[in-house]
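Here are the chains, one letter per residue:
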There are 2 protein chains.
Amino acid sequence: MPAQPQMPAESSRRAGDGARPARRRDAAATREALLAAAKTLFAERGYEGTRLRDVAAEAGVDVALVARYFGGKHGLHRAALASEVVDAVSPAGDESATELVARIFEMWDDSGIGSGVPAFVIPGLAPEVRAPALRLTEQRLIGPLAAKLSAQGVGTPVLRAQAMVAALIGIGLVRAVGSMPELARADRDDLVRLLGPAAELITEGQVRRRPGASPSAPEPLSRSPEPRDR
Amino acid sequence: MPAQPQMPAESSRRAGDGARPARRRDAAATREALLAAAKTLFAERGYEGTRLRDVAAEAGVDVALVARYFGGKHGLHRAALASEVVDAVSPAGDESATELVARIFEMWDDSGIGSGVPAFVIPGLAPEVRAPALRLTEQRLIGPLAAKLSAQGVGTPVLRAQAMVAALIGIGLVRAVGSMPELARADRDDLVRLLGPAAELITEGQVRRRPGASPSAPEPLSRSPEPRDR
């Protein structure tokens, strides 16, 4: 049985096919279990490398249920993307780019890099796989960030927002894949201290003043996380 | 000369091992054509998405020659990587991070993003595909950059070098894939002006002074390359 002790909200909307409450709970739980497995495996293996039978096995259900609930692999991928967006990060209020970067890294540490991020960088991906991920990130992150920069009077706000997000995607994926060991095991707070001012420079055009720190010389990292560094 | 003793069963030509100079010239030309096609297709489609028969068709030779000259797909990928390294960018002398970033973008504009860069970010890639790309980038770019930073007295030089390269990888791949339109069509000089100071902040810990520019306020971009920006 999939590890879903809670009853998801959508089961109350008569999403299931049977008349009995038990049936509806099963359907919703199965759908949630498939979604959770899909998010994990798409993020770990990419779209092309993920087999539906592995998703079904991870969720503990029959593979035929993927077609029933999601219409196939594309549908499952889109659903996984959409469910990630609920937790996605948007720029808020007077938040600095450093604070936004901190929230993005926190989200990635808590929930993984997600199914959609690789869509930005993997060559040769089918457009129907790539497009929904791009659209969601544009709607949730890049668009609002560019609008905020524009309201602040910064020039070329869309380019600046895209450049910052693309740089973070590179760092997030390299960390998730583990292809650069020191970056992969770096402390999150140290990373925010290292990258936040650079993100401010890219988006806002300048580094915000911090108590006790000059704008052009951010404080040194508190720790040296990698043995090779000294 | 090829290192693989096996002759593929379907090989109908004996192009590589003849005694005549003309034959040897053919062999070298065939090998070069296969390499050039491989570099293009691996960069466009990724390792998994590239079929040997498409590489052979692009090069205008029989697919069996891939096995003869490179021992197979892994061997071809490694050879493509190694040939890119000849042109790879290493940090030089008193060069600033901005100048290094400019040279990297110039290389990517001239020769494409290359076969190796995607290896840093694609989930689920086989280790024997990923490892050579990581090793070459470590040897040519990250290692020398970290050594230079260390000599400059900057703390955590390896982490800083990796963070800068990972951020550039994100931006380079997003540009190559075209997944963020404004970033893809941005003028290279504008990108260097936008990202160079951020790269200096990440690696050197501060932004170098430029004539007529304050370290915390880089000059505005000269152009607005995207119609949506104003």
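Residues numbered from 1 in each chain as written. Chains lettered and ligands numbered in written order. Predicted model: local features only at pLDDT ≥ 70, side-chain atom pairs only at ≥ 80, totals over all residues. Heavy atoms only, no water.

(A) Inspection of the overall build of chain A at higher detail. Tallying secondary structure elements over chain A gives nine helices and zero strands in all. Secondary structure elements in chain A, listed N-terminal to C-terminal, are α-α-α-α-α-α-α-α-α. Considering chain A as a whole, with its 230 residues, one finds that 53% of them fall into the buried category. Considering only contacts in chain A between residues 6 or more positions apart, those separated by 24 or more positions represent 64%. (Helix = DSSP H or I, 4+ residues; strand = E, 2+ residues; numbered from the N terminus. Buried < 20%, exposed > 50% of the residue type's maximum accessible area, 1.4 Å probe, protein only. Contact = heavy atoms within 4.5 Å.)

(B) Inspection of the interface of chain A and chain B at higher detail. Tallying the contact residues gives 57 residues for chain A and 58 residues for chain B. Carbon and sulfur atoms supply 72% of the area that chain A and chain B bury against each other, a total of about 4600 Å² over both sides. Its largest share of buried area at the contact with chain B, chain A owes to Pro123, Leu159 and Met180 of chain A, together 14% of the area lost on that side. Counting across the chain A and chain B interface gives zero salt bridges. Put simply, chain A and chain B have six residue pairs in polar contact (both at pLDDT 80 or more) between them. Of all the secondary structure elements, the ones that give two or more residues to the side of chain A that touches chain B are α1 (21-49), α6 (127-151), α7 (157-177), α8 (181-185) and α9 (188-203) of chain A. (Buried area = accessible area lost by both parts, 1.4 Å probe. Salt bridge = Lys/Arg side-chain N within 4 Å of Asp/Glu carboxyl O. Polar contact = N/O pair within 3.5 Å; in protein donor to acceptor, adjacent residues only side chain to side chain.)

(C) The packing of aromatic side chains, seen in detail. Residue and element names in this part refer to chain B. For the coordinates displayed, the defined rule picks out four aromatic pairs over all chains. Here the aromatic rings of Phe42 and Tyr47 are separated by 5.7 Å at their centres, their planes lie at 10 degrees, and the arrangement is stacked. Using a relative accessible area of 1% as the deciding quantity, one classes Phe42 as buried. For Tyr47, a relative accessible area of 10% puts it in the buried group. Taken together, a centroid distance of 6.0 Å and an interplanar angle of 70 degrees make the contact between Phe105 and Trp108 edge-to-face. (Phe/Tyr/Trp six-rings, centres within 6.5 Å; stacked < 30°, edge-to-face > 60°.)

(D) Inspection of empty space enclosed by the protein at higher detail. For the structure on display, the rule yields eight cavities of 30 Å³ or more. Put simply, the largest cavity is a space of about 160 Å³. Every residue lining the largest cavity is counted, 17 residues in all, and those nearest its centre are Ala167 and Ile202 of chain A together with Ala167, Ala198 and Ile202 of chain B. If you list the elements that add at least two residues to the lining of the largest cavity, you get α7 and α9 of chain A together with α7 (157-177) and α9 (188-203) of chain B. Here the residues of the lining of the largest cavity are counted per class, giving 17 nonpolar, no polar and no charged. (1 Å grid on protein atoms, 1.4 Å probe; cavity = no way out; pocket = protein on both sides within 12 Å on 5 of 7 lines; lining within 4 Å. Points joined across faces, edges and corners; volume = space filled by probe spheres on them. Nonpolar A, V, L, I, M, F, W, Y, C, P; charged D, E, K, R; others polar.)

(E) Up close: the packing of α7 of chain A against α7 of chain B. Following both chains from N to C, one finds α7 of chain A and α7 of chain B inclined at 120 degrees, their axes separated by 7 Å at the closest point. Crossing angle aside, the handedness with which α7 of chain A passes α7 of chain B is right-handed. Only Ala163, Ala166, Ala167, Gly170, Ile171 and Val174 of chain B of α7 of chain B make contact with α7 of chain A, whose side of the interface consists of Ala163, Ala166, Ala167, Gly170, Ile171 and Val174 of chain A. When grouped by side-chain class, the residues that make up the contact of α7 of chain A with α7 of chain B number 10 nonpolar, two polar and no charged. (Axes fitted to C-alpha atoms, helices over the stretch in contact; angles between N-to-C directions. Left-handed = near helix turned anticlockwise from the far one by under 90°.)

(F) The relation of the copies chain A and chain B, seen in detail. With an RMSD of 0.1 Å, chain A superimposes on chain B once it is rotated by 180 degrees and translated 0.0 Å along the axis. On the angle and the small slide along the axis, the relation comes out as a two-fold axis. In this assembly, 100% of the residues forming the interface of chain A have copies in chain B that are likewise at the interface, indicating an isologous arrangement. (Least-squares fit on C-alpha atoms with pLDDT ≥ 70 in both.)

(G) Region of the structure containing the UniProt feature "DNA-binding region" (unreviewed entry) in chain A. Under the UniProt annotation, "DNA-binding region" (unreviewed entry) lies at residues 51-70 of chain A. Taken end to end, residues 51-70 of chain A comprises 75% helix and 0% strand; its first and last C-alpha atoms sit 14 Å apart. (UniProt positions renumbered as here; feature names shortened; annotations may be inferred.)

(H) Molecular detail of helix α5 (residues 97-111) of chain A. Residue and element names in this part refer to chain A. Look at α5: 21 Å from first C-alpha to last across 15 residues, which is about the 21 Å you get at 1.5 Å a residue. Within the sequence span of α5, burial applies to Ala97, Thr98, Leu100, Val101, Ile104, Phe105, Met107 and Trp108. Looking at the buried positions of α5, the neighbouring elements they touch are α6, α7 and α9. A positive phi of about 85 degrees marks Gly112, the residue just after α5. (Expected span 1.5 Å × (residues − 1).)

(I) Structural detail: the pattern of salt bridges. Residue and element names in this part refer to chain A. Enumeration according to the criterion identifies 16 salt bridges over all chains in this entry. With a closest N to O distance of 3.1 Å, Asp54 and Arg45 form a salt bridge. Assessed through its relative accessible area of 19%, Asp54 is described here as buried. Here the salt bridges do not stand alone but share partners, grouping Arg45, Arg51 and Asp54 into one network.

(J) Broad picture of the environment of Glu128 of chain A. All names here are of chain A. Examined against the element boundaries, Glu128 turns out to sit in helix α6. Expressed as a C-alpha distance, the spacing of Glu128 and His74, which sit 54 residues apart in the sequence, is 7.6 Å. Not counting chain neighbours up to four residues away, the residues in contact with Glu128 comprise His74 and Arg78.

(K) Molecular detail of the side chain of Asp54 of chain B. Relative to the helices and strands, Asp54 of chain B resides in helix α2 (residues 52-59). Not counting residues within four places of it along the chain, the set of residues in contact with Asp54 of chain B comprises Leu41 and Arg45 of chain B.

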